[in-house]
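Coordinates in review
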Amino acid sequence: MRRSMLFLPGSTPNKIINGDSMGSDAIILDLEDAVSPDEKDAARILVRNAIRDMGFDGVEVIVRVNALDTPYWKQDLDAIVPLCPDLIMPPKTTSAQDVLTLDAYIGELEKANGMEENSVKLIPLIETALGVENAYQIASASQRVSALFLGGEDLSADLHCRRTKEGNEIDYARKRLVCAARAAGVEVYDTPFTDVNDDEGIVCDAKYAKSLGFTGKASISPRHVSAINEVFSPTRAEIDHAYEVIEAITAAKAQGRGVVALHGKMIDAPVVARAEQTIAAAEALGLGREAR
Amino acid sequence: MQKIVKSATAGTLESSDVYVELTPSDGGNEIEIESVVLAQFGDAIRKSAEAVLKQFSIENAKLKLIDRGALDCVIRARVETAVLRAKEG
Amino acid sequence: MSKIVKTLREAIELAGLKDGMTVSFHHHLRNGDYVLNLVMDEIARMGVKELTVNASSLFDTHAPLADHIRSHVVRKIQTDYMSAALGRQISTGLMQEPVEFRTHGGRPSDIILGRTPIDVAFIAAPAADEMGNCTGKLGKSACGSLGYAFADAQCAKKTIVITDNLVPYPLENRSIPETDVDYVVVVDAIGDPNGIVSGTTKITRDPVGLMMAQTAAKVIQASGLLKDGFSFQTGAGGASLAAAMYLKQIMLAEQIHGSYGLGGITGYLVDMLREGCFRELLDVQCFDLKAVESIRSDPRHMEISGERYASPSAKSAAVDNLDVVILGATEVDTDFNVNVHTDSNGYIMGGSGGHSDTAAGAKLAMIIAPIMRARLPIVTDRVTCISTPGSTIDVLVTQKGIAVNPARSDLRERLKAAGLPVKEIGELKEIAERITGVPKKIPQGDRVVANVIYRDGTLLDSIYNVPQR
């Protein structure tokens, strides 16, 4: 279950070594924007050693490498791929071709390192207008792609508009990305909420993202992690209701009834599908039936 | 044996980091360590620094580490970074 | 009649100070205090030697004491806390006689029981009248509570009040009464307001600290103690204050009305009082300006003496009814013993203060500490110095899990049932050592430089010198 993804600058040991203590489901060790050009080498080596030796406990490890239009991305992949992190995040992904370029190079590294084919997965970062328009092609370009991630800051710049707290400027991109990801059968993650000191704003922003269909949300601050986790976890009432739905449908099937109602409302296929998603999420979080 | 051709630094003086200074020297490797945990980890720090120098076959380095309680993987990373920077033409 | 004496020297002479006697000081002016140095310098000029200094705490500003030790003006130190400037010198063998560390409860207890008699007490007073009625609540050097000075004033053979703010007699809203005071001396300044209290005590921004604080608040919630009538003490540092912030959110959300907040009081506890989390604050010491302002103006914010706070020999003390205390540690061992006296290299840099008093009294004594500091694991096989016995500590909260004292299986079950990450304390040690490596043992000298006296008067542990290379 991945609700929250916390960005950690790849050049700061102090932040990296405590990364697995901040409560996020995943950490993103960043070699890109958080690292200045003259520290790219240092961050790459530091992140490589940290993944190898730290044994990050109970969190997924994602590495954001540098973009294809930089001189760093191959070296980044050379250092990181052999450690097989849970996901690699390529930034500024604009087309299916970008994914295929990465796919081919990662394939070579897998082979050279005796790794299983296609074991390294991708979460392309979509942060350009072109990327948004190509989102479905990106999501379905390779079986390595297991999720899409929206980057609101760079996207706003590319759209020639200001990034606001309300986020109207990225609304289309959010909806488009959810639709593209779901169409391709992959997960989808929302852009960070960047006002670190706004504890209410993060809750609103995360709730809105959840309402659109996002799987989870990234954060640039540990302060936002618990709010994100809470919003993207099913509530007790939702979980209980989901079990009721499944019980009702099971009982109806046993009795050979086709049409089922619960508390006076029809249970149709989408309701059952949502109930199953809720139960899967609850069980992944240890909030399943036995935890009641 | 690999030659270091120039001086290089890596790391910072922030907590949990180590600042590494590498300079070419004439007679063998020389390691100087300043650390907030010298009594507890001085030997371990020296061993790790030596291991990285050996890995890159460096035999003419003067290495100075100013350690702020960095973990082993950080010490090794910073020394490696300094070595690679010092080897660049 | 007036008790005003023109000069400090005259007052000391009138008090009859002789070689080998004991002088005492309180630490309410903290690192801004001028009085201890002022008095000791004068005593040195008078040629008096071989004194015992009994001070409730010693801060970096009191480092000049080292010179008085070298010149034999001071022979012995009794205190509850000693910061690094002096502590480091003590640890390298400055004194012939070991320092006696007590607790904030043990000190007044031993003074009142006559175990540590005081010849002359020097009471720095932010406001006083000419008969010696004095208070910490008023004046440019206001520090709020004078809690730790009560036993000194009451039991010393002679008590000298030193003030920079003489007010008309009678100062009725006084802390220490004229009945205890022999002489009053007026000086230009008793302290530097900037060092006396901090402007505002700020909550940590360290994400690890906030994470632990959140867990600490959940532990309190799960402990079963958080209900109407709840009483609470927390420190002013690091994650402790942040834990109070999260606790406040829970108390307000669940409309829990506590009874009292205790101890060193910060603006955060004052906010909790004002918002209805507590009925009263019992204040032995103020940490910031907001606390000083509150104790001056809010009748629910009460000054209490060190004896009332924590004395083990009083018929009862406020710590005895404490539900929860949150404390810090430099080391915790696998038997839950806590060290707050020395740093990881064995140098003195602290002291119990109220640590072991509150741990002994509270129903839930909780330590919050990161699993490692720099590269040093917090959990060790045996702490360098036992400041607080493990039998009085219930829980250790770190960012990598919570350890519960095996004697508290009830609590352990409650925390587990609440879904909190309960681990064995040995496991926390292993987790840290997997990340840091196993630290080499620090060489310890063979000379005792300080003795830690538990609140009941027994010897708890000794601190040895740190050998110099």
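Here is what the cut-offs are and how they apply
Residues numbered from 1 in each chain as written. Chains lettered and ligands numbered in written order. Predicted model: local features only at pLDDT ≥ 70, side-chain atom pairs only at ≥ 80, totals over all residues. Heavy atoms only, no water. Axes fitted to C-alpha atoms, helices over the stretch in contact; angles between N-to-C directions. Helix = DSSP H or I, 4+ residues; strand = E, 2+ residues; numbered from the N terminus. Parallel < 35°, antiparallel > 145°, perpendicular 65-115°, else oblique. Contact = heavy atoms within 4.5 Å. Nonpolar A, V, L, I, M, F, W, Y, C, P; charged D, E, K, R; others polar. Core = buried A, V, L, I, M, F, W, Y, C linked by side-chain atoms within 4.5 Å. Buried < 20%, exposed > 50% of the residue type's maximum accessible area, 1.4 Å probe, protein only. Domains from an automatic or database assignment. Buried area = accessible area lost by both parts, 1.4 Å probe. Polar contact = N/O pair within 3.5 Å; in protein donor to acceptor, adjacent residues only side chain to side chain. Pairing = 2+ DSSP bridges. Phe/Tyr/Trp six-rings, centres within 6.5 Å; stacked < 30°, edge-to-face > 60°. Lys NZ or Arg CZ within 6 Å of the ring centre and 35° of its normal. Salt bridge = Lys/Arg side-chain N within 4 Å of Asp/Glu carboxyl O. Patch = residues over 30% accessible without salt bridge, like charges linked within 9 Å, V, L, I, M, F, W, Y side chains within 5 Å. Areas by Shrake-Rupley, 256 points an atom, 1.4 Å probe, with all protein chains shown as cover. Lys, Arg positive; Asp, Glu negative; His and termini not counted. Charge placed at Lys NZ, Arg CZ, Asp CG, Glu CD. Right-handed = clockwise from strand over helix to strand, strands pointing away.

Here we take up the packing of helix α9 (residues 238–253) of chain C against helix α10 (residues 267–274) of chain C. Residues and elements named next belong to chain C. As a packed pair, α9 and α10 sit with axes 10 Å apart at the nearest point and diverge in direction by 10 degrees. Taken together, α9 and α10 sit at an angle that is classed as roughly parallel. Across the interface between the two elements, L241, A244, M245, L247, K248 and M251 of α9 pack against Y268, D271 and M272 of α10. For the contact of α9 with α10, a count of residues per class yields 7 nonpolar, no polar and 2 charged.

To continue, consider the nonpolar core. One finds L148(A), L65(B) and M40(C) to be the most contacted residues of the largest nonpolar core, which totals 247 residues. No other element matches the 10 residues that α9(C) contributes to this core. Dropping the residues within four chain positions of it, L148(A) is found in contact with I123(A), P124(A), I126(A), A135(A), I138(A), A139(A), L177(A), A181(A), V186(A), E187(A), V188(A) and Y189(A). Counting 14 residues, the second largest nonpolar core, distinct from the first, contains I249(A), A252(A), V260(A) and L262(A).

For the rest of this paragraph, the subject is the domain arrangement of chain C. Residues and elements named next belong to chain C. Here chain C is partitioned into domain 1 (8–56 + 104–196) and domain 2 (207–442). When each unit is reduced to the centre of its C-alpha atoms, the spacing between domain 1 and domain 2 is 31 Å. Together domain 1 and domain 2 conceal approximately 1,700 Å² of surface at their shared face, both sides included; 54% is due to carbon and sulfur atoms. When the buried surface of domain 1 facing domain 2 is broken down by residue, H104, K137 and S145 rank first, second and third, together holding 30% of it. Linking domain 1 with domain 2 are 11 residue pairs in polar contact (both at pLDDT 80 or more), by the criterion used here. Among the elements that line the side of domain 1 that touches domain 2, the one with the most residues is helix α5 (residues 106–112), at 4 residues. Residues that form the side of domain 1 that touches domain 2 fall into these classes: 9 nonpolar, 10 polar and 2 charged.

The next thing to look at is the side chain of T116(C). Mapped onto the fold, T116(C) is located in the loop between α5 and β5 (120–125). In this structure the side chain of T116(C) is engaged in a polar contact, spanning 3.4 Å, whose partner is the backbone nitrogen of I111(C).

In this section: the sheet that holds strand β15 (residues 331–333) of chain C. Residue and element names in this part refer to chain C. Read from one edge of the open sheet, 3 strands run β16-β15-β20, paired in mixed fashion. Looking along the sheet, the strands with just one partner apiece sit at the ends: β16 (338–339) and β20 (379–380). Pairing of β15 with β16 involves 2 bridges; the strand directions are antiparallel. Opposite V332, over in β16, you have V338 as the bridge partner.

Looking now at the packing of aromatic side chains. For the structure shown, the criterion picks out 7 aromatic pairs over all chains. Ring geometry for F230(C) and F278(C): centres 6.5 Å apart, planes at 20 degrees, overall stacked. Of this pair, F230(C) sits in the loop between α8 (207–222) and β10 (232–234) while F278(C) sits in the loop between α10 and β12 (280–286), placing them 48 residues apart in sequence. According to the relative accessible area criterion, F278(C) is buried, its value standing at 3%. For the pair F232(C) and F278(C), a centre-to-centre distance of 6.4 Å together with 10 degrees between the ring planes defines the contact as stacked. Here the residue F232(C) occupies a position in strand β10, and F278(C) occupies one in the loop between α10 and β12, the gap between them amounting to 46 residues. For F232(C), a relative accessible area of 0% translates into the label buried. Three or more aromatic residues joined by ring pairs make a cluster, and in this case those are F230(C), F232(C) and F278(C). Positioned above the aromatic ring of F41(B), the side-chain terminus of R375(C) is 4.2 Å from the ring centre.

Turning our attention to the interface of chain A and chain C. Reports of interface size often rely on the accessible area that becomes lost once the parts have come together. Across the contact, 11 residues belong to chain A and 10 residues belong to chain C. Interface area, chain A with chain C, both sides summed: about 860 Å², of which 57% is carbon and sulfur. Contact with chain C buries area across many residues of chain A, yet N18(A), S21(A) and M22(A) alone supply 43% of it, more than any other trio. Taken together, the connections running from chain A to chain C amount to 1 salt bridge. Partitioned by chemical class, the residues of the side of chain A that touches chain C number 4 nonpolar, 5 polar and 2 charged.

What follows is about the pairing of strand β8 (residues 158–163) of chain C. Residue and element names in this part refer to chain C. Most of β8 sits inside the fold, with 5 of its 6 residues counted as buried. Sheet topology note: the β5/β8 ladder contains 6 bridges and is parallel. Opposite F122, over in β8, you have I160 as the bridge partner. Where β8 meets strand β9 (residues 183–186), 4 bridges bridge the pair, whose relative direction is parallel. By the bridge assignment, V161 is partnered in β9 with V184.

All names here are of chain B. On the surface, a cluster of negative charge is made up of E21, E30, E32 and E34. Of all the elements, strand β3 (residues 30–35) adds the most residues to the negative patch, at 3 residues. With respect to the secondary-structure elements, E30 resides in strand β3. Look at E30 and you get partly exposed, because its relative accessible area is 41%.

Let us look at the interface of chain A and chain B. Of the residues lining the interface, 16 residues belong to chain A; the matching set on chain B comes to 14 residues. Between chain A and chain B the total buried area reaches about 1,200 Å² when both faces are included, carbon and sulfur atoms providing 56% of it. In this assembly, chain A and chain B are joined by 3 salt bridges. One salt bridge in this structure joins R85(B) and D41(A), with 2.7 Å as the shortest N-O distance.

Turning our attention to the pairing of strand β2 (residues 26–30) of chain A. All names here are of chain A. The buried count for β2 comes to 5 of 5 residues, which makes it a mostly enclosed element. Here β2 shows two buried faces, one formed by A26, I28 and D30 and the other by I27 and L29. Bridge analysis of strand β1 (residues 4–9) against β2 gives 5 bridges, and the strand direction is parallel. Counted as the bridge partner of M5 is A26 from β2. Here β2 pairs with strand β3 (residues 60–64) via 5 bridges, running parallel. Bridge pairing in β3 places A26 opposite E60. Following the chain from β2 across helix α2 (residues 40–54) to the adjacent parallel β3, one finds a crossover that is right-handed.

A few words on the pattern of salt bridges. Any two side chains of opposite charge can pair if their charged atoms end up close together. Going through the model one piece at a time under the given rule, you end up with 56 salt bridges over all chains. Taking the shortest distance from any N to any O, the salt bridge between R52(A) and D53(A) comes out at 3.2 Å. Classification of D53(A) as partly exposed rests on a relative accessible area of 36%. E97(C) serves as the salt-bridge partner of K76(C), at 3.7 Å between the closest nitrogen and oxygen. Here K76(C), found in strand β3 (residues 74–79), pairs with E97(C), found in the loop between α4 (84–91) and β4 (99–101); they are 21 residues apart in sequence, far enough to count as distant. Judged by its relative accessible area of 14%, K76(C) is buried. By sharing partners, the salt bridges in this structure join E50(C), R75(C), K76(C), E97(C), E100(C), R102(C), D110(C) and R115(C) into a single network.

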